[in-house]
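Descriptive analysis of the structure
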Amino acid sequence: MAYMRSLLGAKKILGTATSKWATSAAPKGFLAVYVGESQKKRYLVPVSYLSQPSFQALLSKSEEEFGFHHPMGGLTIPCPEETFINVTSQLQ
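Quick look at the structure, then. It should be emphasised that the depicted structure is a prediction, and the values quoted were computed from it without experimental measurement. (Residues numbered from 1 in each chain as written. Predicted model: local features only at pLDDT ≥ 70, side-chain atom pairs only at ≥ 80, totals over all residues. Heavy atoms only, no water.)

Counted at 1.5 Å a residue, the expected span for helix 3 (residues 53-66) with its 14 residues is 20 Å, and the 20 Å between its end C-alpha atoms agrees. Those residues of helix 3 lying buried are F55, L58, S62 and F66. Burial along helix 3 is one-sided: seen end-on, the buried residues are contained in an arc of 55°. Residues of helix 3 that are exposed and angled more than 90 degrees away from the buried face: P53, E63 and E64. (Helix = DSSP H or I, 4+ residues; strand = E, 2+ residues; numbered from the N terminus. Expected span 1.5 Å × (residues − 1). Buried < 20%, exposed > 50% of the residue type's maximum accessible area, 1.4 Å probe, protein only. Arc of directions from axis to C-beta.)

The structure is reproduced here in structure tokens:
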């Protein structure tokens, strides 16, 4: 059971949001972000990432490009998916 929970947690953190979560609110303790340059994918990240300097750098890039207007209706991070995955995988 614990193995399944950790596997599902990893999928939520590093993978795109599953169809169940794709249009609903993020679960407690997570933040939904949209990542990509042309085509955006929704990812769920733990709110604890907000205090990490490397994640804050991604947020600064988002602020520079979008300010408070995000085209996807949620927080959009304008970087390649590979960059986002590399940054978040180092935070785990």
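The element strand 2 (residues 41-46) is extensively covered by neighbouring structure, given that 5 of its 6 residues are classed as buried. The pairing of strand 1 (residues 30-35) with strand 2 spans 6 bridges and is classified as antiparallel. Looking at strand 2, one finds that L31 is bridged to V45. Taking the residues between adjacent antiparallel strands as the criterion, strand 1 and strand 2 are bridged by 5 residues, where G36 takes a positive phi near 140°. (Pairing = 2+ DSSP bridges.)

Next up on the list: the environment of T88. Residue position: T88 is located in helix 4 (residues 81-91). T88 gets classed as buried once you look at its relative accessible area, which sits at 0%. Note: C-alpha distance between T88 and V45 (43 residues apart in sequence) is 8.3 Å.

Let us now look at the sheet that holds strand 3 (residues 75-77). Overall, mixed pairing links the 3 strands, which are arranged 2-1-3 in an open sheet. Two strands lie at the open edges of the sheet, namely strand 2 and strand 3, each paired on one side alone. Sheet twist, expressed as the mean angle between neighbouring strand axes with direction ignored, is 40°. In this structure, strand 1 lies alongside strand 3, joined through 3 bridges in parallel fashion. Across the sheet, residue Y34 finds its bridge partner in strand 3, namely T76. Where helix 3 meets the sheet, its contacts fall on strand 2 and strand 3, and the angle it forms with strand 3 comes to roughly 100°. The strands touched by helix 4 are strand 1, strand 2 and strand 3; relative to strand 2, the strand with the most contacts, the crossing angle is about 10°. (Axes fitted to C-alpha atoms, helices over the stretch in contact; angles between N-to-C directions. Contact = heavy atoms within 4.5 Å.)

Everything listed here is a matter of geometry and, on its own, says nothing about what the molecule does.
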